[in-house]
Every structure is written in structure tokens, then in C-alpha cells.
Amino acid sequence: MRILILKSMKTNQVSEMIYMKNNGDISKRRVKVLSVTNETFQAYCFLRGTKRIFKIENVLAFVPVINKERSVV
């Protein structure tokens, strides 16, 4: 999971993740990774509208958001 998070940061890409808080609550968040440490990462969370620190071990899924441009007809 850490490799995916690092790749997202290096490519400056917005990603979606499924995250489980310490109390067991699960949420889907859209984030932009700003920095990564051994156990955590800091990201701008579009759901909360602020920078947040997340535990890598609590990330259940992490995928890049791919914006497809629609062709104009």
C-alpha cells in the first residue's frame, strides 16, 4: 500500500481511498498526498477540506482518480 501512496505523491495525482478510523468507522475519501513517512502520510482531504494525517495500516483500498475527457461532437 505504501508504494501506491508514494507513487501518487510523486505523480501529484488525486486518489480515492477507503479508510478505516481507529474506532472502526469506514469512509471513502478523495485525497492528494503531500508527504509520506514509514507509518503515516499527510494528504489534502477533499471530504474534510483540510490537510490530514492518515495511518498507512488503516488504508483498505487506494486507487488513482482518472479523469477522462469527453470528446466534443
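Here the structure is shown first, and the text comes after it.
The shown structure was predicted, so the numbers you read here are calculated from the model rather than taken from an experiment.

Chemist: Please set out the pairing of strand β2 (residues 26–36) residue by residue, giving values where relevant.
Modeler: Pairing of strand β1 (residues 14–20) with β2, which is carried by 7 bridges, proceeds in the antiparallel orientation. Bridging across to β2, Met 20 finds its partner in Ile 26. Taken together, β1 and the strand that follows it, β2, pair antiparallel across an intervening segment of 5 residues, in which Gly 24 is found at a positive phi of about 100°. As defined by bridge partners, β2 adjoins strand β3 (residues 40–45) across 5 bridges and the pair is classed as antiparallel. Across the sheet, residue Val 36 finds its bridge partner in β3, namely Phe 41. Connecting the antiparallel pair β2 and β3 is a turn made up of 3 residues.

Conventions used here
- For every chain, the first residue of the written sequence is number 1, and numbering continues from 1 onward in sequence order.
- The predicted nature of this model means local features are confined to residues of pLDDT at least 70 and side-chain atom pairs, given and counted, to a pLDDT of 80 or more, with totals for whole chains, interfaces and linings taken over all residues.
- Computation of side-chain values: all heavy atoms of the structure, hydrogens and water removed.
- Two strands pair under a simple rule: DSSP has to find at least two bridges between them.
- The helix count covers DSSP runs of H or I at least four residues long, the strand count covers runs of E at least two residues long, and both are numbered beginning at the N terminus.

Scope: geometric values only; no functional claims are made or implied.
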